[in-house]
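# Breakdown of the fold
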Amino acid sequence: MNRNKNISELINLLEIQKNNVVEDSKKNGVKLNAIRDLLLKDEITFEDEVISKYLVVKTIKGTVKHFKDSGITTTSGLVITQLYVSKLINGTSNKINKVLLRMAKETINTNKSAANQRGLYL
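Residues numbered from 1 in each chain as written. Predicted model: local features only at pLDDT ≥ 70, side-chain atom pairs only at ≥ 80, totals over all residues. Heavy atoms only, no water.

### Quick word on the overall build of the protein
The number of helices and strands found in the protein is 5 helices and 0 strands. Going from N to C terminus, the protein has its helices and strands arranged as α-α-α-α-α. The buried share among the 122 residues of the protein stands at 24%. Long-range pairs, those at least 24 residues apart, make up 57% of the contacts in the protein with a sequence separation of at least 6. (Helix = DSSP H or I, 4+ residues; strand = E, 2+ residues; numbered from the N terminus. Buried < 20%, exposed > 50% of the residue type's maximum accessible area, 1.4 Å probe, protein only. Contact = heavy atoms within 4.5 Å.)

And the structure:
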């Protein structure tokens, strides 16, 4: 009897998680469409490109790795670092599209919140 109850609870939890995954993927799809539309409409700056990559990868380390692996440097010829990406996201640069910047700040806050819940620090 107890085993059946546990299995039933597990099935209910899986259904809830499945619904959460579907909702999260819809939200991510909307974000990616918004990024694409913004980049198609406006003049793309290098900073916009960095922020856009961050929104796709969702980690600062992954963003830096992408640009290092590609051999892409900043406009002044510097190698992109985690500090550079972090400053772009947390700064108030007028060069970055405001919608992209807002989405990046939301993403970094979500990542920090998840890390704090797991007991990790970024």
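There is more to say, and it comes next.
### Re the confidence of the model for the protein
Taken over all residues, the pLDDT of the protein has a mean of 76, while the share at 70 or more is 68%. Of all helices and strands in the protein, the one with the weakest mean pLDDT is helix H1 (residues 2-41) (67), whereas helix H3 (residues 60-70) scores best (90). (pLDDT = per-residue confidence, 0-100.)

### Quick word on the packing of helix H2 (residues 46-57) against H3
H3 packs onto H2 with a crossing angle of 125° between their chain directions and a minimal axis gap of 8 Å. Relative to H3, the element H2 lies oblique. In this structure, H2 crosses over H3, and the sense of that crossing is right-handed. Seen from H2, the contacting residues are Phe46, Glu49, Val50, Lys53, Tyr54 and Val57; seen from H3, they are Ile60, Gly62, Thr63, His66 and Phe67. Across the contact of H2 with H3, the residue classes break down as 6 nonpolar, 3 polar and 2 charged. (Axes fitted to C-alpha atoms, helices over the stretch in contact; angles between N-to-C directions. Parallel < 35°, antiparallel > 145°, perpendicular 65-115°, else oblique. Left-handed = near helix turned anticlockwise from the far one by under 90°. Nonpolar A, V, L, I, M, F, W, Y, C, P; charged D, E, K, R; others polar.)

### Details of unusual backbone geometry
The general pattern is negative phi for most residues beyond glycine and trans for most peptide bonds. Positive phi is not limited to glycine here, since lysine 58 has a value of about 70°. Among the structural elements, lysine 58 can be located in the loop between H2 and H3.

### So, the nonpolar core
Ranked by internal contacts, the top residues of the largest apolar core, which has 18 residues, are Ile51 and Ile89. Put simply, the parts of the chain that give this core at least two residues each are H2, H3, helix H4 (82-90) and helix H5 (98-118). Dropping the residues within four chain positions of it, isoleucine 89 is found in contact with Ile51, Tyr54, Ile60, Leu101, Ala104, Lys105 and Ile108. (Core = buried A, V, L, I, M, F, W, Y, C linked by side-chain atoms within 4.5 Å.)

### A few points about the packing of H3 against H4
Where H3 meets H4, the axes come as close as 9 Å, and the angle between the chain directions of the two elements is 120°. Comparing their axes, H4 and H3 come out oblique. As for the relative orientation of H3 and H4, their crossing is right-handed in sense. Only Gln82, Val85, Ser86 and Ile89 of H4 make contact with H3, whose side of the interface consists of Ile60, Lys61, Thr63 and Val64. Here the residues of the contact of H3 with H4 are counted per class, giving 4 nonpolar, 3 polar and 1 charged.

### Things to note about the packing of aromatic side chains
Applying the stated criterion to the full structure yields 1 aromatic pair. Seen from their ring centres, phenylalanine 46 and phenylalanine 67 are 6.1 Å apart, and the 65° between their planes marks the pair as edge-to-face. In this pair, phenylalanine 46 sits in helix H2 while phenylalanine 67 sits in helix H3, placing the two residues 21 residues apart along the sequence. (Phe/Tyr/Trp six-rings, centres within 6.5 Å; stacked < 30°, edge-to-face > 60°.)

### What about H3?
Helical periodicity: at 3.6 residues per turn, an α-helix aligns residues three or four positions apart in one direction. For H3, every residue scored as buried is listed here: Ile60, Thr63, Val64 and Phe67. Taken down its axis, H3 places every buried residue within 95° of arc, on the same side. Within H3, the exposed residues directed more than 90 degrees away from the buried face are Lys61, Lys65 and Asp69. Sitting at the head of H3, threonine 59 places a side-chain oxygen 2.9 Å from the backbone nitrogen of glycine 62. Taken from the residues just after H3, glycine 71 is the one with a positive phi, measuring 75°. (Arc of directions from axis to C-beta. Polar contact = N/O pair within 3.5 Å; in protein donor to acceptor, adjacent residues only side chain to side chain.)

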